[in-house]
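Understanding the architecture of this molecule
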Amino acid sequence: LKDIFNRFMSYADNNELQLLKVLAFSKKFNLELFEEIIKEFNIPVSILMFDDLISNSYITQIDDEYFSLHNLMKTSIKDSVQDILKRKIKKLKGKE
């Protein structure tokens, strides 16, 4: 599993990786949270990327509005994130 995750990380776009690192700490997300994340963390992606993101196999649709990363992907990403970023993400989650 770790080899598969590392291979994914090596081929994924850097901006997408930045976004996934933040989304991994969310129980669920929608377009509004996606927009807030790209602004708060200065991730240079278009809001139009949302449709591409949610079409990936590692994204699960929860209902008409909300989505989530697959649990294995969440765990792998969380394990790869540095502590300083984890603290910043937790501060952002406190605003919700």
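An account of the accompanying structure is given in this report. (Residues numbered from 1 in each chain as written. Predicted model: local features only at pLDDT ≥ 70, side-chain atom pairs only at ≥ 80, totals over all residues. Heavy atoms only, no water.)

Section: the overall build of the protein chain
Filter applied, for reference: Secondary structure elements follow DSSP: runs of H or I of four or more residues count as helices, runs of E of two or more count as strands, with numbering from the N terminus. For the radius of gyration, the atom set is restricted to C-alpha positions; the globular benchmark scales as 2.2 Å times the number of residues to the power 0.38.
Scanning the protein chain for helices and strands turns up 6 helices and 2 strands. Ordering the α and β elements of the protein chain from the N terminus gives α-α-α-α-β-β-α-α. Taken over C-alpha atoms, the radius of gyration comes to 13 Å for the protein chain, in line with the 12 Å a tight globule of 96 residues would show. Each principal axis of the C-alpha distribution contributes one length, and for the protein chain these read about 35 × 30 × 25 Å.

Quick notes on helix α3 (residues 31-40)
Quick reminder of the rule: Using a 1.4 Å probe on the protein chains alone, a residue whose accessible area is under 20% of its type maximum counts as buried, one over 50% counts as exposed, and one in between counts as partly exposed. This arc is taken over the directions from the axis of the helix to the C-beta atoms. N or O atoms within 3.5 Å of each other form a polar contact, as long as, within protein, one can give a hydrogen and the other can take it, and as long as residues adjacent in sequence are counted only when both atoms are side-chain atoms.
Looking only at α3, the buried set comprises L33, F34, I37 and I38. Buried residues of α3, viewed axially, fall in a sector of 135 degrees; they line one side. Across from the buried face of α3, at angles greater than 90 degrees, the exposed residues are E32 and K39. Capping of α3 at its N-terminal end is provided by N30; its side-chain oxygen lies 3.2 Å from the backbone amide nitrogen of E32. Among the residues trailing α3, N42 stands out with phi positive, at a value near 50 degrees.

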